Amino acid sequence: MNKKFYISLLIVLLTLLTACSAENANSSAEGNSGEKKKEVTFLSNFPSETLDPHLNYTAVRAGITETLVRVNQDQELEGWLAESWDTSDGGQTWTFQIRKNVTFQNGKKVDAEAVKASLERNIQVSEAMKTALKIKSMEADGQTLAITTEQKLPQFPSELVHPNTAIVDSTLENMEQEPIGTGPFKVVSFEPNSKLDLERYGEYWDGEVKLDRATMTFNEDANARTTALQSGDADIVYRPAIESLEVLKSDQSIKTNVVSSLRTHLLMYNSGKETFKDPNVRKAFDALIDRQAVANEIMAGQATVAQGPFLADSPFSPDYEKKQFSIEKAKKYLEEAGYEKKEGKMVKNGKQLTLKLMTYSYRPELPLISQVLQSNAKELGIAIEIQQVENIDEYLAEKTDWDLATYSLITAPRGDASYFLNSAYMAGGAINPGQIHNDELAKLIEELNQTSDKERRNEVSKEAIQIIDQEKLHSFLVHPNNFVAYKDHVLNWQTSKSEYYALTKDLDVRTK
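Residues numbered from 1 in each chain as written. Predicted model: local features only at pLDDT ≥ 70, side-chain atom pairs only at ≥ 80, totals over all residues. Heavy atoms only, no water.

From N to C terminus, the chain includes 16 helices and 24 strands. Against the globule reference of 24 Å for 512 residues, the chain gives a C-alpha radius of gyration of 25 Å, in line with a compact fold. Counting only C-alpha atoms, the chain reaches 95 × 70 × 40 Å along its principal axes. Restricting the contact set of the chain to residue pairs at least 6 apart, pairs at least 24 apart contribute 69%. Carbon together with sulfur atoms contributes 45% to the accessible area of the chain, which is approximately 23,000 Å² in total. (Helix = DSSP H or I, 4+ residues; strand = E, 2+ residues; numbered from the N terminus. Rg over C-alpha atoms; globule rule 2.2 N^0.38 Å. Contact = heavy atoms within 4.5 Å. Areas by Shrake-Rupley, 256 points an atom, 1.4 Å probe, with all protein chains shown as cover.)

Take the packing of helix H14 (residues 418–425) against helix H16 (residues 454–471) next. The interhelical angle for the contact between H14 and H16, taken along N-to-C directions, is 40 degrees, at an axis separation of 11 Å. Between H14 and H16 lies a crossing of left-handed hand. Note on element contacts: H16 touches H14 through Arg457, Ser461, Ala464, Ile465 and Ile468, opposite Ser418, Leu421 and Tyr425. For the contact of H14 with H16, the per-class residue count stands at five nonpolar, two polar and one charged. (Axes fitted to C-alpha atoms, helices over the stretch in contact; angles between N-to-C directions. Left-handed = near helix turned anticlockwise from the far one by under 90°. Nonpolar A, V, L, I, M, F, W, Y, C, P; charged D, E, K, R; others polar.)

With antiparallel pairing, the three strands of this open sheet are ordered in space as S16-S17-S18. Edge strands, defined here as strands with exactly one partner in the open sheet, are strand S16 (340–342) and strand S18 (351–352). Bridge analysis of S16 against strand S17 (residues 345–348) gives three bridges, and the strand direction is antiparallel. Within the sheet, the bridge partner assigned to Lys341 lies in S17 and is Met346. (Pairing = 2+ DSSP bridges.)

For the rest of this paragraph, the subject is the nonpolar core. Phe285, Ile382, Leu421 and Tyr425 are the most contacted members of the largest nonpolar core, which has 73 residues in total. When sequence neighbours within four positions are dropped, the list of residues in contact with Tyr425 reads Phe420, Asn432, Ile436, Leu441, Ile445, Ile468, Leu473, His474 and Phe476. Core analysis: the second largest hydrophobic core is formed by 65 residues, Leu51, Ala166, Tyr201 and Trp205 among them. (Core = buried A, V, L, I, M, F, W, Y, C linked by side-chain atoms within 4.5 Å. Buried < 20%, exposed > 50% of the residue type's maximum accessible area, 1.4 Å probe, protein only.)

Side chains of strand S8 (residues 144–149) alternate between two faces, with Leu145, Ile147 and Thr149 buried and Thr144, Ala146 and Thr148 left unburied. Of the pairings in the sheet, the one linking strand S6 (residues 93–98) to S8 comprises five bridges and is antiparallel in character. For Trp94, the partnering residue across the bridge sits in S8 and is Ile147. Once strand S7 (residues 135–141) ends, the chain turns through two residues before running back antiparallel as S8, passing Gly142 with a positive phi of about 60 degrees.

Buried within helix H15 (residues 439–449) we find Leu441, Ala442, Leu444, Ile445, Leu448 and Asn449. All buried residues of H15 project into a common sector of 160 degrees when viewed along the axis, lining one side. Exposed and facing more than 90 degrees away from the buried side of H15 are Asp439, Glu440 and Lys443. Elements that come into contact with the buried residues of H15 comprise H14 and H16. A distance of 3.1 Å separates the backbone nitrogen of Glu440 from a side-chain oxygen at the start of H15, and that oxygen is part of Asn438. (Arc of directions from axis to C-beta. Polar contact = N/O pair within 3.5 Å; in protein donor to acceptor, adjacent residues only side chain to side chain.)

This part covers unusual backbone geometry. We note that Asn174 has phi near 60 degrees; this positive angle belongs to a residue other than glycine. Along the chain, the position of Asn174 falls in the loop between helix H5 (156–159) and strand S9 (185–191). Looking at Asn174, the relative accessible area reads 39%, which means it is partly exposed. Positive phi values are uncommon outside glycine, yet Arg239 reaches one of about 50 degrees. Relative to the helices and strands, Arg239 is located in the loop between strand S12 (236–238) and helix H7 (245–250).

Read from one edge of the open sheet, four strands run S5-S6-S8-S7, paired in antiparallel fashion. Since the sheet does not close on itself, it has two edges, and those belong to strand S5 (82–87) and S7, each with one partner. Each strand axis lies, on average, 20 degrees off the axis of its neighbour in the sheet, ignoring direction. Helix H3 (residues 112–125) rests against S6, S7 and S8 of the sheet, and its axis sits at about 160 degrees to S7.

Listed below in structure tokens is the structure:
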């Protein structure tokens, strides 16, 4: 009897040990010395073909690279690799003091010359950043970097928040696979669009890095991300399936975090096409979108209706006329544009209004929104062909055959309207594939770019946004929430409103 008792006890102990091991499979592992290593697996919907920080955000999100300036949770600017900055002439010549105690992950000291070389590479490989930064010349002296821009840019430091301005050791090659930055984690291995393995950079300048290792994996399928968290294959999941949030909240081993985002889902019009040069056609499509239904049904309540490009409580958001979903109103706008409904088809000059709408699965709600628009348009006899592509930015930039596109972007990542207004409505803007040009709007944006007084900037921004709203240069649909779910052994996780930062030096796990 005693023998049976001890065998039973042994089985129970082995079962408990196995359970404990499985519970912490992703948060800790035994090192060669027997010391437990702290690690996490972060699963996101951000596919990454390259780690080149001047072309992709992943290096900043993964804590590999850092920028001169960053934004905090209140969307205020603060120094990161630059400890201070100043301008002597109202915004054309800027002097940045680079921190003295920073090294790249290969041990090289970060001085002004290294920062200058990194920014030179940045504007060489990225036409979008070249347009945004407008750098005319740079002079490096010790830890002091002087930058002269082509024109006065009172908000120039905010441009250096952009993840694509991250500072790297630009003397090295293989930037796509193994950039050498200044962040708390350095690259161990990288499989494009699949997996990124990281380890702690022991000489990190800004204090102790809590984790020993981290893994970033990518999966565009929201349901697969949810399952990975529930099964323990991932510790942190960015944007699990919306419909799974209530189930995840009821699981005591999982925490959820939902914050309002600075992101806006919108409908783009190709103003290069004759059809969309008529504002009545744009107004018709704006009326064909039931924003409340998108927020409630497609986004399961995890979004707020957008009246414009920015959150309604932003200091640069004007008062809007409330958007109204009305198929009858859309029909009237189309009639004003010269269309008429004949035999169930919306026609002009004998030809049916037939359009091509582009979308992408990276944000799964966008194809669903496209289908709703397609269905509403069909009631008026408008034929819409929906085409889904892998890389929407590449397609819209290279092709001219599209008419409409559902799109999503962070409109105010730096607490100011200028980034979005310049990018979306100025010639050469990084997100102006629809070839939008409006003289009155362009003049206001130019004035904004030359204005340093904050209150005046907000007033000019409001005037510009009112033109965008009246002309329906875009149709803004909803502001989606950011939501993250993670295991309860994960410590110090903070969901970034800007979506720029994920793995930080403070991220930690509880081990047993």
